[in-house]
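# Structural overview for review
Each chain, letter by letter, is given below.
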Amino acid sequence: NNTVLSMHADHAGNLWLGLDKGIDRVEMAAPIRWHTDLTGQLGSVYSAVLFEKNLFVGTNQGVFLRPFFGENTDNFKLIPGTQGQVWQLQSFGGQLICGHNDGTFLIKNKTVTRISPITGGWATVEISGAPDKLLQGTYGGLVVFEKKSRGLGSNWAFSHRVEGFDKPVKELAFDGAGNLWICHPNAGLWAVKLGADFKKITEIRPISGLPTDFKVSLSRAGGQLLARAGGHFF
């Protein structure tokens, strides 16, 4: 509980507290900083990334940022134009991409530009062997982004939808052999092969035998791609 009756600092820099009910250990040297949002301004956090010395946080209220180094690191500010549900923030090729309920945005110099009107930019990944292309899972299937030259530079831009799968894709990942694995938010896992031009799916196989098709997720550990379903990893 909150009543501290005694304290002791150990040789590892931890602080031990004797409470009215139980004992707590405070890791004073832990490299973790907490931000307490008492006002509820930020909302629920879904993604975060360090980019150009700023901390960007994607929530169900929009994209917020604050300086990560120096003073005033507690003041989050909303980036105008990002209001709403944010699913993913990630840097690709030195540019910050925001997957959003309302589409996909490029965040540059603390301003946003919509690069795709396809709703639900759930997850975006690099395509192995194609450094100028990205693959994204959305509310209505898969889409491809391409880095296109404009003026003095080049920016990510929407290229096309991938034909052959129009179901929601919440997670996706390539395995070591170049096969694509995609997760529906509540209806299972598929193994997929894309055509050489990334314009259509040439092979798709639903994965059977999982303990559940609900909320299957993908992750990596030890260089291997894992699927989690019903509390088990495969």
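So, here's what we can say about the structure. (Residues numbered from 1 in each chain as written. Predicted model: local features only at pLDDT ≥ 70, side-chain atom pairs only at ≥ 80, totals over all residues. Heavy atoms only, no water.)

Before going further, it helps to examine the overall build of the protein. Helix and strand counts for the protein come out as zero helices and 22 strands. Reported as C-alpha extents along the three principal axes, the dimensions of the protein are approximately 65 × 50 × 30 Å. Out of the 234 residues in the protein, the part that is buried amounts to 41%. Across the protein, every contact between residues at least 6 apart in sequence was considered, and the portion connecting residues at least 24 apart equals 33%. Total accessible area on the protein stands at roughly 13,600 Å², and carbon and sulfur atoms take up 51% of it. For the protein, the separation between the mean place of its 23 positive charges and that of its 19 negative charges on side chains is 6 Å. (Helix = DSSP H or I, 4+ residues; strand = E, 2+ residues; numbered from the N terminus. Buried < 20%, exposed > 50% of the residue type's maximum accessible area, 1.4 Å probe, protein only. Contact = heavy atoms within 4.5 Å. Areas by Shrake-Rupley, 256 points an atom, 1.4 Å probe, with all protein chains shown as cover. Lys, Arg positive; Asp, Glu negative; His and termini not counted. Charge placed at Lys NZ, Arg CZ, Asp CG, Glu CD.)

Now for the sheet that holds strand β7 (residues 77-78). The strands that make up a sheet pair up through hydrogen bonds in the backbone, lying either parallel or antiparallel. Taking strand neighbours across the sheet as the criterion, the four strands line up as β4-β5-β6-β7 in an open arrangement whose pairing is antiparallel. Both outer strands of the open sheet, β4 (45-51) and β7, are each paired with one neighbouring strand and no more. Note that β4 and strand β5 (residues 54-59) share six bridges and pair antiparallel. Pairing of V45 across the sheet is with T59, part of β5. (Pairing = 2+ DSSP bridges.)

Turning our eyes to something else, we now look at the side chain of Q136. The topology assignment puts Q136 in strand β13 (residues 130-138). At 2.9 Å, the side chain of Q136 and the side chain of T104 are in polar contact. Residues in contact with Q136, not counting those within four places in the same chain, are T104, G121, A123, T124, G141, L142, V143, F145 and L172. (Polar contact = N/O pair within 3.5 Å; in protein donor to acceptor, adjacent residues only side chain to side chain.)

Applying the stated criterion to the full structure yields three salt bridges. The salt bridge partner of K133 is D132, with a shortest N-O separation of 3.6 Å. Among the salt bridges present, the one from K133 reaches E146, with a minimum N-O distance of 3.7 Å. Residue K133 is located in strand β13, and its partner E146 is located in strand β14 (residues 141-150); the two are separated by 13 residues in the primary sequence. Overall, the relative accessible area of 16% leaves K133 in the buried class. When salt bridges that share partners are traced, they join D132, K133 and E146 into one network. (Salt bridge = Lys/Arg side-chain N within 4 Å of Asp/Glu carboxyl O.)

So, about the side chain of Q85. Structurally, the position occupied by Q85 is in the loop between β7 and β8 (86-92). According to the relative accessible area criterion, Q85 is buried, its value standing at 16%. The contacts of Q85, once residues within four sequence positions are left out, are Y46, T59, N60, H100 and N101.

Bringing the environment of T202 into the picture now. For T202, the position within the fold is in strand β19 (residues 201-206). What T202 contacts, discounting residues up to four positions off in sequence, is K193, L194 and G195.

Before going further, it helps to examine unusual backbone geometry. Residues apart from glycine generally show negative phi values, whereas peptide bonds are mostly found in trans. For K53, which is not a glycine, the phi torsion comes out positive at approximately 70°. One can find K53 in the loop between β4 and β5. Of note, K110 is a non-glycine position whose phi angle comes to about 65°, a positive value.

Next up on the list: the nonpolar core. In terms of nonpolar packing, the biggest core is built from 19 residues, with L135, L142, L172, L180, I182 and L194 touching the most fellow members. At the level of secondary structure, the elements contributing two or more residues to this core comprise β12 (123-127), β13, β14, β16 (171-174), β17 (180-183) and β18 (189-194). Formed by 12 residues, the second largest nonpolar core is a distinct cluster that contains V49, V63, V86 and L89. (Core = buried A, V, L, I, M, F, W, Y, C linked by side-chain atoms within 4.5 Å.)

Following the criterion strictly, the structure yields seven aromatic pairs and no others. Ring plane angle 85° and centroid distance 5.4 Å describe the contact between Y46 and W87, whose orientation is recorded as edge-to-face. With Y46 in strand β4 and W87 in strand β8, the pair connects residues that are 41 residues apart, well separated along the chain. For the ring pair F51 and F56, a centre distance of 6.2 Å and an interplane angle of 65° mean the geometry is edge-to-face. The same class applies to F51 as to F56, namely buried. Taken together through their ring pairs, the aromatic side chains of Y46, W87, W122 and Y139 make up a single cluster. For the cation-ring pair, K167 lies above F165, with the distance from its terminal atom to the ring centre recorded as 5.5 Å. (Phe/Tyr/Trp six-rings, centres within 6.5 Å; stacked < 30°, edge-to-face > 60°. Lys NZ or Arg CZ within 6 Å of the ring centre and 35° of its normal.)

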